[in-house]
Structure formats: structure tokens, C-alpha cells
Amino acid sequence: DAMVIQNPRYQVTQFGKPVTLSCSQTLNHNVMYWYQQKSSQAPKLLFHYYDKDFNNEADTPDNFQSRRPNTSFCFLDIRSPGLGDAAMYLCATSRTRFASDYNEQFFGPGTRLTVL
Amino acid sequence: AQTVTQSQPEMSVQEAETVTLSCTYDTSESDYYLFWYKQPPSRQMILVIRQEAYKQQNATENRFSVNFQKAAKSFSLKISDSQLGDAAMYFCAYRSAHTGGGADGLTFGKGTHLIIQP
């Protein structure tokens, strides 16, 4: 089945140690998104790629970077994780960036990041 | 900026009964989309139902229906004949009809945890 895959499902890192989260998709969608979901809070958009065009949200910390080497893969890099970065990170895709009918976002299961 | 508010952190309903989850939002835009997403424990978020703001008719998908009140900026989800598999976190989300900048992503509420009692 076509889907959005996130690896690993659980990631533990140390304070200040760089970490990379991975997302892949078999849907061949043009847009890939990264959301941060802290405990008991709403998922919050960090950034997204429309094809190779990177779009950063204004309030996304500089500590967060992303790479999209090809259509299928997108990575979230956290350069120096702090305790406040512990969260569930959700990857999502959509066919296009246009908010037309039937252009829903498909989500992966998420990666839960723990910072020690 | 748009905001989405879900005022019910948790709801409980007996199996086979009907439950309504509330959502309000704030926006200055006239054209947008609203969604309800379901997030089962340890599983991915899936779309339950979608409403286009320009449509007056409320969306329905089998046992799921919405009550969209544009003037009141209210978008509630009604689940009829609740089933054990409906137990999940439910998120209300907003998406601008515009494209570009921060408009491409979803703005979520904090979610409502729905418990189904057998």
C-alpha cells in the first residue's frame, strides 16, 4: 500500500547531540511537511517542501533544518537538541500545494523524540 | 493568523450512542477548508471528513457528519452509532484556500480524546 513511513518510531538523543529523523513516501506526492506535536498541544507546522522549494515557518527555530534529496525522502535535522525539543514529529505529504478538493494531507505514524 | 480551539480535552460516550465534538476557529479569510482528523493510539493521523467553506451543505461521511456554522466560526463533528474503533484523538484543522507562505500547512486544535465505553 502507498504510504508515508517514518523512521525510527522512537528516537532518544542527548542534550546537544545532533539527530536526524527520516520520512519517506510511496505516494509520489510533490509536497512534504514536518509538524512538531508536543504533549497535549496542537501539531505545529515547522516547514514544508514543495518539490525542491523549501518553505520555512517564520517561528521555526534555526536549530531545525530539513533536507529533501529526492521526491521520496525528506529529513528533519535538529542540530543541537534541547529538552524543549522533545516531541512527536509528524511527516505528511500532499499531492500538490493547492488547497483544492481532494488534496488532503497524508500523515506518517510519527517519530517520538526524547532528549536526555 | 488563524487559530483553532477545541474546548473538550476528553469526551466519553457509550458504544452505539452519538457524540458531538466541538471546534471553533478564528480567521479573517472568507475562503478556507476545515478538517477533522483521527489519530488512533500509536498510529498515523487519518482524515475523517472535510468541509469547504464556500459550501453551505454540511459534509457527511457514513456515520460522521459536521455542523458547519460559518458566521459563528464553528465546526463540530457528530459521530453516530459510536463504535469501539472510533476511540482516538480527534483533531480539528484549518487550511487556507490561498497558496504559498504559511498558507500551505494545516493549523490544528489541541485535540479531543474520545473514549468509547462498551
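Below is a short write-up of the structure. Just so we're clear, the structure is a prediction, and the values are computed from it rather than from any experiment. (Residues numbered from 1 in each chain as written. Chains lettered and ligands numbered in written order. Predicted model: local features only at pLDDT ≥ 70, side-chain atom pairs only at ≥ 80, totals over all residues. Heavy atoms only, no water.)

What to know about the sheet that holds strand β8 (residues 73-78) of chain A
All names here are of chain A.
(1) Moving on: The sheet built from 4 strands is open, its strands ordered β1-β3-β8-β7 with antiparallel pairing. The strands lining the two open edges of the sheet, one partner per strand, are β1 (4-7) and β7 (64-67). Strand after strand, the sheet turns through a mean of 20 degrees between neighbouring axes, direction not considered. (Pairing = 2+ DSSP bridges. Helix = DSSP H or I, 4+ residues; strand = E, 2+ residues; numbered from the N terminus. Axes fitted to C-alpha atoms, helices over the stretch in contact; angles between N-to-C directions.)

As for the packing of aromatic side chains
(1) Moving on: On inspection of all chains with the given rule, the structure shows 17 aromatic pairs over all chains.
(2) Moving on: Centre to centre, the rings of Y49(A) and F54(A) are 5.1 Å apart; their planes meet at 55 degrees, and the pair counts as tilted.
(3) Moving on: Taking the centre distance of 6.1 Å and the plane angle of 40 degrees together, the rings of F64(A) and Y89(A) count as tilted. Highlighted residues: F64(A) in strand β7 and Y89(A) in strand β9 (residues 87-94), separated in sequence by 25 residues. Across the pair, Y89(A) and F64(A) agree in class, each one buried.
(4) Moving on: Taken together, the ring pairs in this structure connect Y33(A), Y35(A), F107(A), F35(B), Y37(B), F91(B) and F108(B) into an aromatic cluster. (Phe/Tyr/Trp six-rings, centres within 6.5 Å; stacked < 30°, edge-to-face > 60°. Buried < 20%, exposed > 50% of the residue type's maximum accessible area, 1.4 Å probe, protein only.)

Regarding unusual backbone geometry
Residue and element names in this part refer to chain A.
(1) Moving on: Along the chain, N7 connects to P8 via a cis peptide bond; the corresponding omega equals -15 degrees.
(2) Moving on: Here S40, not a glycine, exhibits a phi torsion of approximately 60 degrees, which is positive.
(3) Moving on: Its place among the elements puts S40 in the loop between β4 (31-37) and β5 (44-50).
(4) Moving on: Classification of S40 by relative accessible area gives exposed; the value is 62%.
(5) Moving on: Backbone geometry places D51, a non-glycine residue, at a positive phi of 60 degrees.
(6) Moving on: Examined against the element boundaries, D51 turns out to sit in the loop between β5 and β6 (53-56).

Focus: the pattern of salt bridges
Close approach of charged atoms allows side chains of opposite charge to pair.
(1) Moving on: Summed over all chains, the structure comprises 6 salt bridges over all chains.
(2) Moving on: Salt bridges sharing common partners tie together R50(B), E52(B) and K55(B). (Salt bridge = Lys/Arg side-chain N within 4 Å of Asp/Glu carboxyl O.)

Some points on the state of the cysteines
(1) Moving on: Enumeration according to the criterion identifies 2 disulfides over all chains in this entry.
(2) Moving on: Two residues share a disulfide in this structure: C23(A) and C91(A), whose sulfurs sit 1.9 Å from each other. Its S-S torsion of approximately -75 degrees makes the covalent link between C23(A) and C91(A) left-handed. Linking C23(A) in strand β3 (residues 19-25) with C91(A) in strand β9, this pair joins segments that are 68 residues apart in sequence. Like C91(A), C23(A) is buried.
(3) Moving on: Here C23(B) engages in a disulfide with C92(B); their sulfurs sit 2.0 Å apart. (Disulfide = S-S within 2.5 Å.)

A few points about the pairing of strand β8 (residues 64-69) of chain B
Residues and elements named next belong to chain B.
(1) Moving on: Examined bridge by bridge, strand β7 (residues 60-61) and β8 share 2 bridges and lie antiparallel to one another. Looking across to β8, one finds that E61 is bridged to F64.
(2) Moving on: The antiparallel hairpin formed by β7 and β8 contains 2 residues in its connecting segment, where N62 sits at a positive phi of about 55 degrees.
(3) Moving on: In the sheet, β8 pairs with strand β9 (residues 74-79) via 6 bridges, with the strands oriented antiparallel. Along β9, the bridge assignment pairs Q69 with S74.
(4) Moving on: The antiparallel hairpin formed by β8 and β9 contains 4 residues in its connecting segment, where K73 sits at a positive phi of about 55 degrees.

By themselves, these observations are geometric and do not establish any function.
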